[in-house]
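Next come the chains, spelled out residue by residue.
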Amino acid sequence: MANITAAMVKELREMTGAGMMDCKKALAATEGDMDKAVDFLREKGLAGAQKKAGRIAAEGVVDTKIAEDGKSAVVVEVNSETDFVAKNEKFRTYVAEVAAQALTSSAAGIEAFLEEPWALDTSLTVNQKLSSMISIIGENMHIRRFEVVKEAAGLVESYIHAGGKIGVLIDVETDVVNDAVKEMARNVCMQIAALKPLYVSGSEISADYIAKEKEILKAQIMNDPKESSKPEKVINGMIEGRIKKELKDICLYDQVYVKAEDGKQSVKAYIDSVAKANGAKIAVKKFVRFETGEGLEKKNEDFAAEVAAQMNKG
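Keep in mind the model is a prediction, meaning the values are calculated, not measured. Here the residue numbering is sequential within each chain, running from 1 through the sequence in written order. Under the rules for a predicted model, residues below a pLDDT of 70 receive no local features and side-chain atom pairs below 80 are neither given nor counted, while totals for whole chains, interfaces and linings still include all residues. Where side-chain values are given, they derive from all heavy atoms of the structure, hydrogens and water being excluded.

The criterion for an aromatic pair is that two Phe, Tyr or Trp rings (for Trp, the six-membered ring) have centres within 6.5 Å, with stacked assigned to planes under 30 degrees apart, edge-to-face to planes over 60 apart and tilted to the rest. Within this structure, the stated rule accounts for four aromatic pairs. Ring geometry for Tyr94 versus Trp118: centroids 5.9 Å apart, planes at 35 degrees, classification tilted. Within this pair, whereas Tyr94 is found in helix α5 (residues 89-104), its partner Trp118 is found in strand β3 (residues 117-118), the two being separated by 24 residues in sequence. The exposure classification of Tyr94 matches that of Trp118, with both residues buried. Ring centres 5.0 Å apart and planes at 50 degrees place the aromatic pair Phe113 and Phe146 in the tilted group. Note on conventions: DSSP H or I runs of at least 4 residues are helices, E runs of at least 2 residues are strands, and numbering of each starts at the N terminus. Throughout this description, buried means an accessible area under 20% of the type-specific maximum (1.4 Å probe, protein chains only), exposed means over 50%, and partly exposed covers the range between.

Below is the structure:
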């Protein structure tokens, strides 16, 4: 039998939001396999969909920077220990400087980026400048991640929500770039910030993902005495209905547009209406959404000790 540690239970709890003892049982039932344990909890109805996973815990700021020609942009996340520092003007100015450098960086990841010369003072590396800012501000900080989006045949738009809690970039391929199209792109960025889609459209979703979701939905139904007694044809219909609803939630194009006057218009229909009004061809190629502290723990929370205490009781 696999050795189930407190750290493993803690990790599963953070991934799923399920109770600690439920996480312990799930890991025991799946021989410590984390992925199978997530599925186990979902099948039992004890965890939300993975799109809801990830603790929003650390403080900091997400910022974006768009190139002057509108053909490229970057989104960055820089973390701090407290919300007080995250609101500090000196910290925010620094984050904006990090974004400006990341926009033109050729680094493939954070490690390479940290070793680059700091553009505003090439006697320092990016990492050395970060260390200097930590000394000045008096709080631990780190540049967690960044992503650059480029679109030669259209534009890249951005949106920052709640003063830097969420940042979104959208890659729009279009043969017309005017104020109306830019406004549309920004509105769709706001949609992404609010409703957290995982894909642009259903065409991006693999058949394996659909098959796995159907297995999980079927297991959920079979674990419900009221539902499991229904005819197989009815159960299959229920599964198809739930899959359709789930895909509508996670695909940007299929989501109901949040500013739709009739409360029914899809995001794709909204984009198409703007395209028609401007004699344009418009398609969203991709989007990037960063949420501050996503998947990180808050300072001073000792969940491992809490989990260990609970496990010892079991």
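What follows concerns the confidence of the model for the protein. In regions of low pLDDT, the predicted coordinates are not meant to be interpreted in detail. Confidence of the predictor at the level of single residues is captured by pLDDT, which takes values from 0 to 100. Scored by pLDDT, the protein has a mean of 87; 89% of the residues are at 70 or more. Between two residues, a contact is recorded if the distance between any of their heavy atoms is within 4.5 Å. Residue range residues 48-57 is modelled with pLDDT below 50. Its contacts to residues more than four positions away, or to other chains, number 28 contacts.

Most of strand β8 (residues 282-291) is tucked away, with seven of its ten residues classed as buried. What makes two strands pair is DSSP finding at least two bridges between them. Where strand β7 (residues 166-174) meets β8, nine bridges bridge the pair, whose relative direction is antiparallel. Within the sheet, the bridge partner assigned to Glu173 lies in β8 and is Ala283.

Here Lys129 lies in helix α7 (residues 126-137). Under the convention used here, Asp and Glu are negative, Lys and Arg are positive, and both His and the chain ends fall outside the count. Whenever Lys or Arg places a side-chain nitrogen within 4 Å of a carboxyl oxygen from Asp or Glu, that contact is recorded as a salt bridge. Despite being buried, Lys129 has no salt bridge partner; Glu97 is the closest side chain of opposite charge, sitting 5.1 Å away. Discounting chain neighbours no more than four positions away, the residues touching Lys129 are Tyr94, Trp118 and Leu124.

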